[in-house]
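Analysis of the macromolecular model
Here's the letter readout for the chains.
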Amino acid sequence: DVKVTQSSRYLVKRTGEKVFLECVQDMDHENMFWYRQDPGLGLRLIYFSYDVKMKEKGDIPEGYSVSREKKERFSLILESASTNQTSMYLCASIALGIYTDTQYFGPGTRLTVL
Amino acid sequence: QKEVEQNSGPLSVPEGAIASLNCTYSDRGSQSFFWYRQYSGKSPELIMFIYSNGDKEDGRFTAQLNKASQYVSLLIRDSQPSDSATYLCAVTGTGNQFYFGTGTSLTVIP
């Protein structure tokens, strides 16, 4: 039973293209996160959202933007893709408080920018 | 910048042994601590979380937290080859952010 889905498993784009990565969760969670994962650097937080239309910058927001128009959907946008944005992108959906143990990552999107 | 540090390994243990994974963190205000398992090419999967000092056991897994020393560890008893994966430590900071270590690669040798 899939809890968090991401729009693509693999994506290849060209430098300068606008890229949309979409994440959908079906658990009615308030908090959603976008990370990128690179070898030797671990998971780094790009943006997170704790409510519809709310967003907070993470550690590496430069070159990215996000959109959360509906509770279940959190989109990551690369305004003008660059080769240094080639990475694995992971979305997470988390319910904090008494349900903190219910945390799920999506399957990830491996993005290659040529 | 919150820092979460893990020994990158690789850590190799024989099947049936105890694997011990360690994590230190720099923010004394951190409240919640998590261990994730990540198989190669897959996304992380939560296996344990702990809030209070001491030990928390779940099957073959035991999480240990020492806030005074700012470390959290994960023990895997009776290690199995299927436990071979990268283990990520995560810590919550202010604003409900999660901070991850770079992970420790564990190999269980049959």
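Just above sits the structure.
Now for a look at the structure at hand.

What counts, and where the lines are drawn
Residues numbered from 1 in each chain as written. Chains lettered and ligands numbered in written order. Predicted model: local features only at pLDDT ≥ 70, side-chain atom pairs only at ≥ 80, totals over all residues. Heavy atoms only, no water. Phe/Tyr/Trp six-rings, centres within 6.5 Å; stacked < 30°, edge-to-face > 60°. Helix = DSSP H or I, 4+ residues; strand = E, 2+ residues; numbered from the N terminus. Buried < 20%, exposed > 50% of the residue type's maximum accessible area, 1.4 Å probe, protein only. Lys NZ or Arg CZ within 6 Å of the ring centre and 35° of its normal. Contact = heavy atoms within 4.5 Å. Buried area = accessible area lost by both parts, 1.4 Å probe. Salt bridge = Lys/Arg side-chain N within 4 Å of Asp/Glu carboxyl O. Polar contact = N/O pair within 3.5 Å; in protein donor to acceptor, adjacent residues only side chain to side chain. Nonpolar A, V, L, I, M, F, W, Y, C, P; charged D, E, K, R; others polar.

A look at the packing of aromatic side chains
The geometry of two aromatic rings is summed up by the distance between their centres and the angle between their planes. With the rule as written, the count across this model stands at eleven aromatic pairs over all chains. Between Phe34(B) and Phe49(B), the ring centres sit 6.4 Å apart and the planes meet at 35°, which makes this aromatic pair tilted. Taken together, the residues span a long stretch of sequence, with Phe34(B) in strand S4 (residues 33-38) and Phe49(B) in strand S5 (residues 45-50) at a distance of 15 residues. You can call Phe34(B) buried: its relative accessible area is 1%. Assessed through its relative accessible area of 18%, Phe49(B) is described here as buried. Residues Tyr36(B) and Phe100(B) carry aromatic rings whose centres are separated by 5.5 Å and whose planes lie at 50° to one another, so their mutual orientation is tilted. Residue Tyr36(B) is located in strand S4, and its partner Phe100(B) is located in strand S10 (residues 98-100); the two are separated by 64 residues in the primary sequence. Accessibility expressed as a relative area gives 10% for Phe100(B), which makes it buried. Three or more aromatic residues joined by ring pairs form one cluster here, namely Phe33(A), Tyr35(A), Phe48(A), Phe105(A), Tyr36(B) and Phe100(B). Positioned over the ring face of Phe49(B) is Lys56(B), at 3.5 Å from the centre of the ring. The lysine or arginine in question, Arg60(B), covers the ring of Phe61(B), its NZ or CZ lying 5.6 Å from the ring centre.

Brief notes about the interface of chain B and chain A
Between chain B and chain A, the residue contacts involve 19 residues of the former and 23 residues of the latter. Taking both partners together, chain B and chain A bury about 1600 Å²; carbon and sulfur atoms supply 58% of that area. Scanning the region where chain B abuts chain A turns up zero salt bridges. At the surface where chain B touches chain A, the tally comes to two residue pairs in polar contact (both at pLDDT 80 or more). Those elements giving two or more residues to the side of chain B that touches chain A turn out to be S4, S5 and S10 of chain B. Of the residues belonging to the side of chain B that touches chain A, the class tally is ten nonpolar, nine polar and no charged.

A word on the pattern of salt bridges
Residues and elements named next belong to chain A. Enumeration according to the criterion identifies nine salt bridges over all chains in this entry. With its nearest N and O atoms 2.7 Å apart, the salt bridge here joins glutamate 22 to arginine 73. Residue glutamate 22 is found in strand S3 (residues 19-25), and its partner arginine 73 is found in strand S8 (residues 73-78); the two are separated by 51 residues along the sequence. Judged by its relative accessible area of 30%, glutamate 22 falls in the partly exposed class. On the basis of relative accessible area, arginine 73 is assigned to the partly exposed category, the value being 32%. Here aspartate 38 makes a salt bridge to arginine 36, at a shortest N to O gap of 2.9 Å. For the pair aspartate 38 and arginine 36, a shared accessibility class is recorded, and that class is buried.

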